[in-house]
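Per-entry structural report
Residue strings, one per chain:
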There are 2 protein chains.
Amino acid sequence: MAAELSAHDLIAKHRPTLDQALEAIRTRAYWSPHPEHPKAYGENGSLGMAEGKAAFDALLGTRLDLDQPGTDDWVGGETSPYGIELGVTYPHADVDTLLPAMKAGQRAWRDAGAQVRAVVCLEILKRISDRTHEFAHAVMHTSGQAFMMAFQAGGPHAQDRGLEAVAYAYAEQVRTPDEAEWTKPQGKRDPLKLDKRFKAVPRGIALVIGCNTFPTWNGYPGLFASLATGNAVLVKPHPRGVLPLALTVQVAREVLAETGFDPNLVALAAERPGEGIAKTLATRPEIRIIDYTGSTSFGDWLEANARQAQVYTEKAGVNTVLVESTDNYKGMLSNLAFSLSLYSGQMCTTPQNLLIPRDGITTDEGAKSYDEVVTDLARSVGGLLGDDARANALLGAIVNPDVKARLEAAAGLGEVALASREIVNPEFPDAVVRTPVIVKLDGAKPDDEAAYMSECFGPVSFAVAVDSATDGVELLRRTIADKGVMTVGAYTTSDEVAGAVEEVCLDECAQLSLNLTGGVYVNQTAAFSDFHGSGGNPAANAALCDAAFVANRFRMVEIRREV
Amino acid sequence: MAAELSAHDLIAKHRPTLDQALEAIRTRAYWSPHPEHPKAYGENGSLGMAEGKAAFDALLGTRLDLDQPGTDDWVGGETSPYGIELGVTYPHADVDTLLPAMKAGQRAWRDAGAQVRAVVCLEILKRISDRTHEFAHAVMHTSGQAFMMAFQAGGPHAQDRGLEAVAYAYAEQVRTPDEAEWTKPQGKRDPLKLDKRFKAVPRGIALVIGCNTFPTWNGYPGLFASLATGNAVLVKPHPRGVLPLALTVQVAREVLAETGFDPNLVALAAERPGEGIAKTLATRPEIRIIDYTGSTSFGDWLEANARQAQVYTEKAGVNTVLVESTDNYKGMLSNLAFSLSLYSGQMCTTPQNLLIPRDGITTDEGAKSYDEVVTDLARSVGGLLGDDARANALLGAIVNPDVKARLEAAAGLGEVALASREIVNPEFPDAVVRTPVIVKLDGAKPDDEAAYMSECFGPVSFAVAVDSATDGVELLRRTIADKGVMTVGAYTTSDEVAGAVEEVCLDECAQLSLNLTGGVYVNQTAAFSDFHGSGGNPAANAALCDAAFVANRFRMVEIRREV
């Protein structure tokens, strides 16, 4: 089959971007090829705002036919957290047909080499980027993110994380040369000479198990890391978050076909309600890599049971911020208020526990008691979300009834410093929109510990009174070691306290943000620069993205012969 | 404590070697800083032949006091496969005391950074190298290797593998910069600016579980990979192979102390007979990394049970050589004869199954029937080992009674093409020295399959008659997939057959040596150039050495703050 798109042309088109990405992961300076502003789209082949919306609307109620082998049914049934029925149906696969079909094209994909695989991945990302406006609606109406967040986190930021994975994958594969001449001196005798060839070979089929809240952002690193290292990739989306990943699979299949590769290298595994196909797939012998984002319990199950596969998990943690002192009290409060509010706290990186000395903190506005800090923070959140339009734009919708139930139950866990408020979304009246609750707990009370030492995913934060900064640092250590964290924050003007927090984060392996008071938030990480998770505490066994995330997705096979 | 050896001096001394190692793993051309010839030692501070022997003799019957915390007993009892009692005793550790003590120095070791750790490791290797003659005897009298092999494989080649691991570890750790300035444009507003610092942090304590046959060669990669990435390392040697690793630990502790680090970063866990301490240690929460070489059953147990640790295993495989045709019949026979004989076939890389078409093969000496090939190979082995002095120098001693029992039982598995012969070692009359047995089996007979599809570790090879080259290639595929291999060899003048074998090795992930007829053997790999194992088939879950072997032994922690 003649390829419509030649490797040569794709290399010419994308190699400069790949080189920039390689440089960015080396320097970790700011870089992104994917514009964050919605108005940056609409030219040079990309969909503009109206076109993207129209493209999304045109998908509603349709069958998304991916032309996959082994399609034995059509399944679907996503309801947007904003209330609308998507009505999109997807192919349901007979895995005994689909999995063998996915292996058929692996040899050609493997033999194409690291560079060609990288630029094919970059072409997939480029086409997704061109459809960012369409994907934004798909992410919004599956995750419940507000539009701007769905646009940015589900679009350019997710694409950045995918590209970052491609760059790491490429760098690892080309560390070993394609060939080497090996000549070993033998004194007066002729040297020994061998011709050696090296080839990166894939592990097999990789499984991506998607999540509800960030289908693309959390799905792309594993998808592109596996594909770029020569594996086929089966994408099993969360039943409530299928559309963004189904569109991704569609684009990937299109690009693979146009470049002369087998489109079945990437496929979708949508499921019937309650089918629970992830367990079945995860233990199939063909599945050799699994990327998972979701609950700790299923992540632990995968690690224990999918023994035939390399398993990369991002589970849950109890994210913690120590508030000890600050020289920018207003900045601290507004920064924290934003962190707690963004996407109704439904990020794996949202702070849950705010550790505050019960004797209060020092600030540039004088000493503040524990109660004052909590009250001021509650007021700051209230102010941020006081305007319903702005609140809707920041909070998005509650993603599912479990989160709503947890939010409602949280008020019973302690003294409520800030009550959750119901907000009406005029455009989507069925959306469940809630402001965060802040509950006061006492770090010294065992009953309270049961609450703050468990993950309470959603717009729930605990203002935990601790005996001292030292006590807070020790609680932080215990939290990381026992429960894991995706993020740690700290506010302190004391070098000593900062040093103690740093030591805990280095000892227990947690990513730390210090004294954020401006426009960067503890729950946000930037691809090419920040690591997302550490891979070294119970919250996740891998980080996005480092060499460890890619280096074991392929193996190097050597063929040597005498010269 | 003031360090006797400054980091600055060590960097000046070893950085050029590290740079050469980094270049070697990039080009994979021949390189080694460790001389292979015994006569190369004896000057510039290294022990010469007589000094090394004297140093070894002085160890016999002594207590090797490593000055370890928690030493509650002295254990030992190694008997050389050459018959002598070593009589060396080693510290037995109360692990509840030793493990905490090993953690005490981790912070300073972590904070020293990748370069300092690398040069400290290189200083350890240099001092081991200087004592190569002494180590050679220690390896010889634990593994049963003949002196020259113990010298080379246990000395320079093992040191090369250790250095290779240090180079990979260093390269991975410095891929991320120590710090970055991150400036994100915000249109007309001020850019967002963050100061970011990154630090490689270790996982904790690493456990090296040594093997009997290659204590240093198989032990050094994991030991140095873990140490160079900031971990403490506990070395649990095979009860019959303690001395070479105990000396290694002694040197490491000495260098750590002299460079101002805590010597307890490296410690020995010797055990009482039958104590089975490996299982206890492997599941301790402090143990976060395990490197293991040995039986498949215990390797599988570790992978299943040591869930708190990263587990790197080299288990067992059924190494296979396909003999289809050759343009150098004599060279092929002599090359194979050497491979089967070296260290009495007690290498994890020794070929076990020789797949030969039952209709014979084509050679530069005309067509040869299956029987002729087997007879000629048997004659070649017989010739190679016809002289007892040469046989002793090549075979070494049988390492333990299990191997001897397997060898004796093998003769009952089929028609014996070459019987094993007992050889007397005049210097060590108690040594059990045996030539290899070659047994004819039929690839089409199910009864025979039970024999050739199981690993038979030791000087036992099966000449397996296959229906055709195609049949042989398919059997090769099945062997790799089901049983795993450390090595695959093939002899063929047919591009088609070579291509088919290559495809199988790429598909099933096995390292392939093609048409070796000279002085390189399928069972030997060279550090910095050849991969040992692939990490992609059941014989081993890791390869020596690649980025995947080191990248997950540490994690990167980021500390970011506003500028």
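All figures in this text were calculated on a predicted structure; none of them were measured in a lab.

This part covers the environment of Asp 195 of chain B. By secondary structure assignment, the location of Asp 195 of chain B is in strand S4 (residues 189–202). Excluding residues within four positions of it along the chain, Asp 195 of chain B makes contact with Ala 180, Glu 181, Ile 559, Arg 560, Arg 561 and Val 563 of chain B.

In this assembly, 78 residues from chain A lie in contact with 78 residues from chain B. Here chain A meets chain B over a buried area of about 6200 Å², counting both sides, of which 47% is carbon and sulfur. Sorting the residues of chain A by area buried against chain B places Arg 175, Leu 506 and Arg 560 of chain A first, and these three jointly supply 13% of that buried surface. The interface formed by chain A and chain B includes 22 salt bridges. Glu 36 of chain A is the partner of Lys 184 of chain B in a salt bridge, and the nearest nitrogen-oxygen pair spans 2.6 Å. For the pair chain A and chain B, the interface holds 52 residue pairs in polar contact (both at pLDDT 80 or more).

All names here are of chain A. This structure, assessed with the given rule, holds 90 salt bridges over all chains. Across the pair Arg 110 and Asp 111 runs a salt bridge whose closest N-O atoms are separated by 3.0 Å. Classification of Arg 110 by relative accessible area gives buried; the value is 3%. By relative accessible area, Asp 111 is classed as partly exposed at 38%.

What follows concerns the domain arrangement of chain A. All names here are of chain A. Domain boundaries in chain A define domain 1 (7–30 + 48–269 + 546–562) and domain 2 (320–514). The distance between the C-alpha centroids of domain 1 and domain 2 comes to 35 Å. Across the boundary between the two partners, domain 1 contributes 15 residues, which contact 17 residues of domain 2. Of the roughly 1200 Å² buried between domain 1 and domain 2, counting both surfaces, carbon and sulfur atoms make up 68%. Here domain 1 is connected to domain 2 by two residue pairs in polar contact (both at pLDDT 80 or more). Take the side of domain 1 that touches domain 2: its biggest share by element is four residues, from helix H5 (residues 132–143). Class assignment for the residues of the side of domain 1 that touches domain 2 results in six nonpolar, eight polar and one charged.

All right, on to the pairing of strand S19 (residues 488–491) of chain B then. Two faces belong to every sheet, and in a regular strand the side chains alternate between them. All names here are of chain B. Here S19 shows no split at all, with Val 488 and Ala 490 on one side and Gly 489 and Tyr 491 on the other all buried. Looking at chain direction, S19 and strand S20 (residues 512–514) are connected through three bridges and run parallel. Of the residues in S20, the one forming a bridge with Ala 490 is Leu 514. Of the crossover connections in this fold, the one passing from S19 over helix H19 (residues 495–508) to the parallel S20 is right-handed.

Our next topic: the relation of the copies chain A and chain B. In the superposition of chain A on chain B (RMSD 0.0 Å, axial shift 0.0 Å), the rotation amounts to 180 degrees. Taken together, these values place the two copies in the relation of a two-fold axis. Across chain A, the rotation axis passes nearest the C-alpha of Ala 548 of chain A, at a separation of 3.3 Å. A share of 100% of the interface residues of chain A reappears at the interface of chain B, consistent with the copies meeting face to face through the same patch.

Let us look at the sheet that holds strand S5 (residues 205–209) of chain B. All names here are of chain B. Strand order across the open sheet formed by five strands is S7-S6-S5-S8-S9, with parallel pairing between neighbours. One side of each edge strand has no neighbouring strand; the edge strands of this open sheet are strand S7 (266–268) and strand S9 (310–314). Here the average twist between neighbouring strands, direction ignored, is 15 degrees. As judged from the five bridges shared by S5 and strand S8 (residues 287–293), these two strands associate in the parallel manner. Note that in S8 the partner of Ala 206 across the bridge is Ile 289.

With that out of the way, let us pick up the sheet that holds strand S17 (residues 437–442) of chain A. Read from one edge of the open sheet, 10 strands run S14(A)-S17(A)-S18(A)-S11(A)-S10(A)-S19(A)-S20(A)-S21(B)-S4(B)-S3(B), paired in mixed fashion. Each edge of the open sheet carries a strand with a single partner, namely strand S14 (415–418) of chain A together with strand S3 (179–186) of chain B. Recorded for the sheet is a direction-independent mean angle of 25 degrees between the axes of neighbouring strands. In this sheet, strand S18 (residues 460–466) of chain A lies alongside S17 of chain A in parallel orientation, the contact comprising six bridges. Paired with Val 437 of chain A across the two strands is Val 460 of chain A, which belongs to S18 of chain A.

Once that is clear, we can look at the UniProt feature "domain: Aldehyde dehydrogenase" (unreviewed entry) in chain A. In the numbering adopted here, UniProt assigns the feature "domain: Aldehyde dehydrogenase" (unreviewed entry) to residues 92–476 of chain A. When the span residues 92–476 of chain A is considered, its composition is 47% helix and 22% strand, and the gap between its end C-alpha atoms is 45 Å.

Residue and element names in this part refer to chain A. For helix H7 (residues 215–228), built from 14 residues, the straight-helix expectation of 20 Å at 1.5 Å per residue is met to within 8% by its first-to-last C-alpha distance of 19 Å. In terms of burial, H7 is a largely internal element, 14 of the 14 residues being buried. Taken from the residues just after H7, Gly 230 is the one with a positive phi, measuring 100 degrees.

Here the focus is the packing of helix H6 (residues 132–143) of chain B against helix H10 (residues 243–258) of chain B. Residues and elements named next belong to chain B. Between H6 and H10, whose axes approach to 8 Å, the crossing angle comes to 145 degrees. Judged by residue contacts, Glu 134, Phe 135, Ala 138, Val 139 and Thr 142 of H6 engage Leu 243, Pro 244, Leu 247 and Thr 248 from H10. In the contact of H6 with H10, the residues fall into six nonpolar, two polar and one charged.

The subject of this paragraph is the environment of Leu 265 of chain B. Residue and element names in this part refer to chain B. Considering the arrangement of structural elements, one finds Leu 265 in the loop between H10 and S7. In this structure, the C-alpha to C-alpha distance between Leu 265 and Trp 31, residues 234 residues apart in sequence, is 30 Å. If near-sequence neighbours (up to four positions away) are discounted, Leu 265 is found in contact with Met 102, Gly 105, Gln 106, Trp 109, Leu 227, Ala 232, Val 233 and Leu 256.

This next bit is on helix H13 (residues 329–341) of chain B. Residues and elements named next belong to chain B. Helix length check: H13, at 13 residues, gives a terminal C-alpha distance of 18 Å against a target of 18 Å (1.5 Å per residue), a fit within 8%. Of all the 13 residues making up H13, 11 are buried; the element is thus mostly covered by neighbouring parts of the structure. Residues of H13 that are buried: Tyr 329, Gly 331, Met 332, Leu 333, Asn 335, Leu 336, Ala 337, Phe 338, Ser 339, Leu 340 and Ser 341. Positioned one or two residues after H13, Tyr 343 has a phi angle of 50 degrees, which is positive.

With that settled, the discussion passes to the state of the cysteines. Residue and element names in this part refer to chain A. Tallying each qualifying case throughout the model produces zero disulfides over all chains. Cys 505 takes part in no disulfide bond, and the closest cysteine sulfur to it belongs to Cys 509, at a distance of 9.5 Å. Note on Cys 505: relative accessible area 0%, which makes it buried. Cys 545 takes part in no disulfide bond, and the closest cysteine sulfur, belonging to Cys 121, lies 12 Å away.

Before going further, it helps to examine the side chain of Asn 353 of chain A. Residues and elements named next belong to chain A. Here Asn 353 lies in strand S11 (residues 353–357). Assessed through its relative accessible area of 1%, Asn 353 is described here as buried. In this structure the side chain of Asn 353 is engaged in a polar contact, spanning 3.4 Å, whose partner is the side chain of Gln 352. Beyond its immediate chain neighbours, meaning those up to four positions away, Asn 353 contacts Val 318, Asn 319, Thr 320, Val 321, Tyr 452, Phe 462 and Val 464.

Residue and element names in this part refer to chain A. For S18, the tally of buried residues reaches seven of seven residues, placing the bulk of the element in the interior. Of the two faces of S18, the one carrying Val 460, Phe 462, Val 464 and Val 466 and the one carrying Ser 461, Ala 463 and Ala 465 are both buried. Pairing geometry for S11 and S18, over five bridges, is parallel. Looking across to S18, one finds that Leu 355 is bridged to Val 464.

Residue and element names in this part refer to chain B. Within this structure, the stated rule accounts for 26 aromatic pairs over all chains. A centroid spacing of 5.5 Å and a plane angle of 85 degrees characterise the contact between Tyr 41 and Phe 151, whose relative ring orientation is edge-to-face. Here Tyr 41 is found in the loop between helix H1 (7–27) and helix H2 (49–59), whereas its partner Phe 151 is found in helix H7 (residues 147–154), with 110 residues between them in sequence. Overall, the relative accessible area of 9% leaves Tyr 41 in the buried class. Judged by relative accessible area, Phe 151 falls into the buried class, the value being 0%. Relative to Phe 224, the ring of Tyr 220 has its centre 5.6 Å away and its plane inclined at 85 degrees; by these criteria the two rings are edge-to-face. Of this pair, Tyr 220 and Phe 224 are both found in helix H9 (residues 215–228), four residues apart, which corresponds to roughly one turn of the helix.

Right, let's talk about the side chain of Thr 350 of chain B for a bit. All names here are of chain B. Examined against the element boundaries, Thr 350 turns out to sit in the loop between H13 and strand S11 (353–357). With relative accessibility at 7%, the residue Thr 350 sits in the buried group. Other than its neighbours up to four places away in sequence, Thr 350 contacts Asn 319, Ser 339, Leu 340, Gly 345 and Asn 523.

Parameters at a glance
- Residues numbered from 1 in each chain as written.
- Chains lettered and ligands numbered in written order.
- Predicted model: local features only at pLDDT ≥ 70, side-chain atom pairs only at ≥ 80, totals over all residues.
- Heavy atoms only, no water.
- Helix = DSSP H or I, 4+ residues; strand = E, 2+ residues; numbered from the N terminus.
- Contact = heavy atoms within 4.5 Å.
- Buried area = accessible area lost by both parts, 1.4 Å probe.
- Salt bridge = Lys/Arg side-chain N within 4 Å of Asp/Glu carboxyl O.
- Polar contact = N/O pair within 3.5 Å; in protein donor to acceptor, adjacent residues only side chain to side chain.
- Buried < 20%, exposed > 50% of the residue type's maximum accessible area, 1.4 Å probe, protein only.
- Domains from an automatic or database assignment.
- Nonpolar A, V, L, I, M, F, W, Y, C, P; charged D, E, K, R; others polar.
- Pairing = 2+ DSSP bridges.
- Right-handed = clockwise from strand over helix to strand, strands pointing away.
- Least-squares fit on C-alpha atoms with pLDDT ≥ 70 in both.
- Axes fitted to C-alpha atoms, helices over the stretch in contact; angles between N-to-C directions.
- UniProt positions renumbered as here; feature names shortened; annotations may be inferred.
- Expected span 1.5 Å × (residues − 1).
- Disulfide = S-S within 2.5 Å.
- Phe/Tyr/Trp six-rings, centres within 6.5 Å; stacked < 30°, edge-to-face > 60°.

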